[in-house]
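Residue-level structural notes
Residues per chain are reported as follows:
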Amino acid sequence: MTALRASSAGVPALPLVPAVARWPRAAVLSLLGAVAVGLALVETAWPAAAAHTAPAVLSAASLAIGVLVVRHAMRLDRESAAPWRAFAVLAGLLTLGEAIAAVRGVGVNAVTAGPQDVPLVAAVPFALLGCARLIRSATTGIGARVALDAAVALVALSALAEMVIGAALNRTADSVDDLMARGYPAAGVVLCTVGLVTFAGVGQARRAAAGWLVACFASVAVVTVSGAIAVVRPSIVADVVSGTAWLAMLGFGTLAIAADPGRSTDPDEPPEVPLLGVVVSYCAAFGVVLVLLVGRIGGRSILPVEAGAAAVLLLLTFARTLVWAADGARLTRQVLRTEAYFRTLVHSAADVTIVLDHRGRITWDSTAGQHPHGWSARDLEGRQLVEFVHGEDRAELAAVLTTGADPGQGRGRVLRLRGKDGSWRSYETVRVLASGDLQRPDATAPELGSGLVVYLRNVDERRHSELELERMAYTDYLTGLPNRARLMAALAGARSRAAEGEASCLLLLDLDGFKAVNDIAGHEAGDLLLTEVADRLRASVRDRDLVGRLGGDEFAVVVRADLDEATALGERIIAELAGVHRSVPTPGADPDLVFDVSCSIGVTELAPADEVPATIRHADLALRAAKAAGKGRVRRHGETADSATVRRTRLARDLPDALSRGQLRLVYQPVVGVAERRVLGVEALVRWDHPALGEVSPEEFVPLAEDDGLIVPLQRWVLDQATAKLAGLVRAGRDLRLGVNISVRHLQSGSLVPDVAAALARAGLPPQRLMLEVTESLFIGQPDRADGDLQTLHDMGCVISLDDFGRGYSTFAYLARLPVDVLKMDREFLAGIAEDARSAALVHSVIELGQRLSIDVVAEGVETPEQLAALRDLGCRYLQGFLLGRPTAPAELPAVIDAFDPRSLDVVAGQAAVTVSGTA
């Protein structure tokens, strides 16, 4: 019997997607249960009325289920709907049979044959047809094995039914009524058999629906058996059982149709092995034989028909056993071939697979006996993996074996494993899984307490290459000493140790007279001299001190000692390097040629409060003091100060009062648009008119303001002054944009966004008029702050410009994700653009990059007509520089803007600069 897929909507269901139960299965089953209870009450209390009422109720219920089957079939494709169309006809015949019984008033169980039996008998072939089409939709279909299982089940169930019905009738079939009494149970047996075969033969997708069909056919068997008994012994109990079983049949059909997802069209669906059919057929066959033997022991004689059925069952079971043995042999050969194939794949793979039990012991190694480590399977199995791991890497192994809920923790860790010959090879963990997860492809985390499968990759050669590359990256190619990068790392470590109380010093060495060696004896002699100096430095310092080469003839020593001991080491080095030029041969030079080469050393102590660049500056100041004092000298930082130090100290002392005394002022430099042929904006530049030192450039006092914490009030003043000036120009009818430089320290303070907003509000200037110019170092030092605050300013409407592009750091990676609207190429980046094709190509690449990213490009530092012509030819739209306009005082700015001559942009290479500047 069939059932309904629970859906009442008119949307067709896809074959591979179950029609999720919009049909209220619970309501239908509850309704059928209520009908069953009511029908039982009617049959018990009013048996005379039940003769018409009970068949009418069953007919109506069958009709309703038939309608639902038809609606379900309409939602499936033609192949998937074929079984349910047959079941729909079956439901219609059942409805017709019960309707005739209701009209005739014969009740649920008619004691005599009549017209009502014709539709019921005709419904059996349609049930068989529906099951056959359901099996045909699977990948296995009905084969010889399924047919044998069906034959065994049919014979066994027929024998059992014959014994039960024969005992109930207790007479031979000598009338049509007796034949119907025996025929209906036979039909139930056939349907149960077909249902079992269907359940064993359908695909995995329709297995649930077939299971409910088995229950449905079992209910049919109950109906037929109770009806057969009612022919001989009519009773109300038989009628109640038949009516309830009939409604249960409809209910199970509802569940079957609700669970049917349609025919699977997945080409990768694995074929099903009909194991369930074998189990059912064997149980049925041996069950019949067991019943006959028990009956014989109890004194019941075995009829010839029963003996024949037992013989047929034994023959069919024997045939099925032979087929099963053949299948087992074939499957065994297939499994062995597949195992050999995959074993070959695993053994020949580049990765090593190690299976561990829950105690970390090796149970299998994919490369045992076939790998350079030389261990055999007998050597490895049962031993702890930790026994083969280098002692320094056992912490890494512990992290691998305790990955817990995050298997990614075990990836990428490098372990050194011992080979049988005692050598060590490096392996990297590729993946770590719980051994149980191999059966669960969707597993994402190992199960704690289970065994592990560890996938390793031999990275021995790669590791050696990485170490060699690392050595080369931190080693000077000429002398073999650590290079600048290694020295910077060593200074950072020494600074950390200084914070813990360990004294450290830096010695900065420079060779005096080295240039003469290169100029007279040649660079080969200079290289030999540098190599000899490096060897003597290694011999002079202690093992715990680090000697490095900064470049050229400059060396450095990081000394783990106090200032006095470091100074004594410097004196010893000067004595050791005295006369080094005499021991170095100079190929091709006069052997009697003597060079006066000595060494000057600057010494400074590492203070925890000083950054590494500050320490290097202190040592460099001491080195210059040593050179000023004469060759072969050692000077400490602080013993003497040069003019630069005096000037810096004076500026740092006077800067805090410069703003309050009115010594700071702003000048504005125009930015010209080539296409617009006019001044599009101005950049605000701060100047300091020192009463004693004269005009001081921002490059000199802005770093002092940053170091002394004065940069934030300074930039607030610049923002207020510049926005107020631009607001006046805009109100006068000039379409301009203002550029203001932003310090990294201002961004670090976290007050940049409110300061900009406050300045714009006080000036009444739209945010679109303000362009904030930031340097590339800002993205390196504070990427998170840059992402957040700059995005906020960009969202406000401010324009973000990347200043000094191309000077130092490369921020191409940031351009795609940061809110940069403008690139300003540094003046040094433009040097030689008119004469050097390579410089022009680099500038053109930046301009083209800006066009592709929709970022405007401004060239600053345009000072010659040749640069102007080259930039114009390369497509640069925005220019800034002395050639087009010098920094101008606020009072003169309107006149300069209004007097700009667009013909100055038409200058050709070679034209006199005075002409251009005159027109500007």
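Along each chain, residues carry numbers from 1 onward, in the same order as the chain's sequence is written. In keeping with the model being predicted, local features are shown solely for residues with a pLDDT of at least 70 and side-chain atom pairs are shown and tallied solely at 80 or more, while totals for entire chains, interfaces and linings include all residues. Where side-chain values are given, they derive from all heavy atoms of the structure, hydrogens and water being excluded.

Bringing the overall build of the chain into the picture now. For the chain, the count of helices and strands is 30 helices and 19 strands. When each of the 920 residues of the chain is scored for burial, the buried share is 45%. We call two residues in contact when some of their heavy atoms are within 4.5 Å. Counted over contacts in the chain with a minimum sequence separation of 6, partners at least 24 positions apart contribute 68%. Here the open area of atoms and residues is found with the Shrake-Rupley method and a 1.4 Å probe, where only the protein chains shown may cover a residue. Counting every atom, the chain has about 43,600 Å² of accessible surface; 59% of that belongs to carbon and sulfur. Every helix listed is a DSSP run of H or I at least four residues long, and every strand listed is a run of E at least two residues long, numbered separately from the N terminus. Residue exposure (1.4 Å probe, protein chains only): buried if accessible area is under 20% of the type maximum, exposed if over 50%, otherwise partly exposed.

Moving on, we come to the pairing of strand E9 (residues 598-605). Most of E9 sits out of view: 7 of its 8 residues are buried. In this description, strands pair whenever DSSP reports at least two bridges between them. Bridge count between strand E6 (residues 505-512) and E9: 8 bridges; the pairing is antiparallel. Following the sheet pairing, Leu509 is matched in E9 by Ile601. Across 3 bridges, E9 lies against strand E10 (residues 634-636) in parallel orientation. Of the residues in E10, the one forming a bridge with Gly602 is Arg635.

The next thing to look at is helix H12 (residues 394-401). Among all positions in H12, only Leu397, Ala399 and Val400 are buried. For H12, the angular spread of buried residues about the axis comes to 160 degrees, placing them on one side. Check the buried side of H12 and you find it contacts strand E3 (414-418), strand E4 (424-434) and strand E5 (452-458). Comment: arc refers to directions from the helix axis out to C-beta atoms.

Overall, antiparallel pairing links the 5 strands, which are arranged E2-E1-E5-E4-E3 in an open sheet. The strands lining the two open edges of the sheet, one partner per strand, are strand E2 (362-365) and E3. In this sheet, adjacent strand axes meet at a mean angle of 35 degrees when their direction is disregarded. Two strands pair when backbone bridges link them, and strand E1 (residues 351-356) and E2 are joined in this way by 3 bridges, in the antiparallel orientation. Opposite Leu356, over in E2, you have Ile362 as the bridge partner. Every angle, taken between N-to-C directions, lies between 0 and 180 degrees, and every axis is a line fitted to C-alpha atoms, over only the stretch in contact when it is a helix.

All right, on to unusual backbone geometry then. Note on backbone geometry: most residues besides glycine have negative phi, and most peptide bonds are trans. A positive phi angle is found at Arg677, which is not glycine, with a value near 60 degrees. Along the polypeptide, Arg677 turns up in the loop between strand E11 (664-673) and strand E12 (678-690). Unlike most non-glycine residues, Ser854 shows phi in positive territory, near 60 degrees. Relative to the elements of secondary structure, Ser854 occurs in the loop between helix H27 (837-852) and strand E18 (856-860). The class for Ser854 is exposed, based on a relative accessible area of 66%.

Burial analysis of E6 places 8 of its 8 residues in the buried class, which makes it a mostly covered element. Neither face of E6 is left uncovered, since the one carrying Cys505, Leu507, Leu509 and Leu511 and the one carrying Leu506, Leu508, Asp510 and Asp512 both have all their residues buried. Strand direction decides the pairing type here: E6 and strand E8 (residues 554-559), joined by 6 bridges, are antiparallel. The residue bridging Leu509 from the neighbouring strand is Phe555, located in E8.

Turning next to the sheet that holds E8. With mixed pairing, the 5 strands of this open sheet are ordered in space as E7-E8-E6-E9-E10. The open sheet has two edge strands, strand E7 (546-551) and E10, and neither has a second partner. Shown here is a sheet whose adjacent strand axes are inclined to one another by a mean of 20 degrees, direction ignored. Of the pairings in the sheet, the one linking E7 to E8 comprises 5 bridges and is antiparallel in character. Bridge pairing in E8 links Val547 to Val557. Sheet strands in contact with helix H17 (residues 563-577) are E6, E8, E9 and E10, and its direction is about 170 degrees off that of E9.

Attention shifts here to the packing of aromatic side chains. Stacked, edge-to-face and tilted are the three classes for Phe, Tyr and Trp ring pairs, Trp counted by its six-membered ring, which pair at centre distances within 6.5 Å; planes under 30 degrees apart are stacked, over 60 edge-to-face, the rest tilted. Here the structure, examined in full by the defined rule, presents 2 aromatic pairs. Ring geometry for Trp212 against Phe252: centres 6.0 Å apart, planes inclined by 20 degrees, an arrangement best described as stacked. Separated by 40 residues along the polypeptide, Trp212 in helix H7 (residues 207-232) and Phe252 in helix H8 (residues 236-259) bring together distant segments of the chain. Relative to Phe701, the ring of Trp688 has its centre 5.8 Å away and its plane inclined at 85 degrees; by these criteria the two rings are edge-to-face. Here the residue Trp688 occupies a position in strand E12, and Phe701 occupies one in helix H20 (residues 698-707), the gap between them amounting to 13 residues. Phe701 matches Trp688 in its accessibility class, with the two residues each being buried. Think of it as a cone above the ring: NZ of Lys or CZ of Arg counts as a charge over the ring if it is within 6 Å of the ring centre and within 35 degrees of the ring normal. One cation-aromatic arrangement involves Arg886 over Phe882; the distance from NZ or CZ to the ring centre is 4.3 Å.

Looking now at the pattern of salt bridges. Take a side-chain nitrogen of Lys or Arg and a carboxyl oxygen of Asp or Glu: if they are within 4 Å of each other, that pair is a salt bridge. Following the criterion strictly, the structure yields 30 salt bridges and no others. In this structure, Asp654 and Arg653 form a salt bridge, with 3.4 Å as the shortest nitrogen-oxygen distance. On the basis of relative accessible area, Asp654 is assigned to the buried category, the value being 16%. Under the relative-accessibility criterion, Arg653 is labelled exposed at 55%.

One can find Asp379 in helix H11 (residues 377-380). With sequence-adjacent residues up to four places away left out, Asp379 is seen in contact with Phe388 and Lys420.

Along the chain, Val682 falls in strand E12. The exposure class assigned to Val682 is buried, which follows from its relative accessible area of 3%. When the C-alpha positions of Val682 and Met771 are compared, they lie 9.8 Å apart, and in sequence the two are 89 residues distant.

Moving on to a nonpolar patch on the surface. Each patch is built from residues that are more than 30% exposed by relative accessible area and take part in no salt bridge. Like charges join if they lie within 9 Å; nonpolar side chains (Val, Leu, Ile, Met, Phe, Trp, Tyr) join within 5 Å. There is a patch of nonpolar side chains on the surface, built from Val222, Val237 and Val241 and spanning about 230 Å² of accessible area. Looking at the element boundaries, Val241 is found in helix H8.

Secondary-structure assignment places Gln867 in helix H28 (residues 865-874). Those residues in contact with Gln867 that lie beyond four places of it in its chain are Leu830, Ile833, Ala834, Gly861 and Val862.

Counting residues in each nonpolar core, the largest one holds 74 residues, and the members touching the most others are Leu738, Val756, Met825, Val843, Leu871 and Leu879. For this core, the element with the highest residue contribution is helix H21 (residues 711-731), accounting for 9 residues. Grouped together as the second largest cluster of nonpolar side chains are 38 residues, Ala54, Trp84, Phe87 and Val223 included. Residue types Ala, Val, Leu, Ile, Met, Phe, Trp, Tyr and Cys, when buried and joined through side-chain atoms within 4.5 Å, form a set referred to as a nonpolar core.

The subject of this paragraph is the environment of Val155. For Val155, the position within the fold is in helix H5 (residues 144-169). Residues Val155 and Leu316, 161 residues apart in the sequence, show an inter-C-alpha distance of 9.6 Å.

It is worth spelling out the confidence of the model for the chain at this point. A residue's pLDDT is the confidence the predictor assigns to it, expressed on a 0 to 100 scale. Averaged over every residue, the pLDDT of the chain is 76; the share at 70 or more is 76%. Across the chain, element-level confidence peaks in strand E14 (residues 737-741) with a mean pLDDT of 93 and bottoms out in helix H30 (residues 913-919) with 34. Contacts of residues 171-176 to residues separated by more than four positions or lying in other chains number 10 contacts, the stretch itself having pLDDT below 50.

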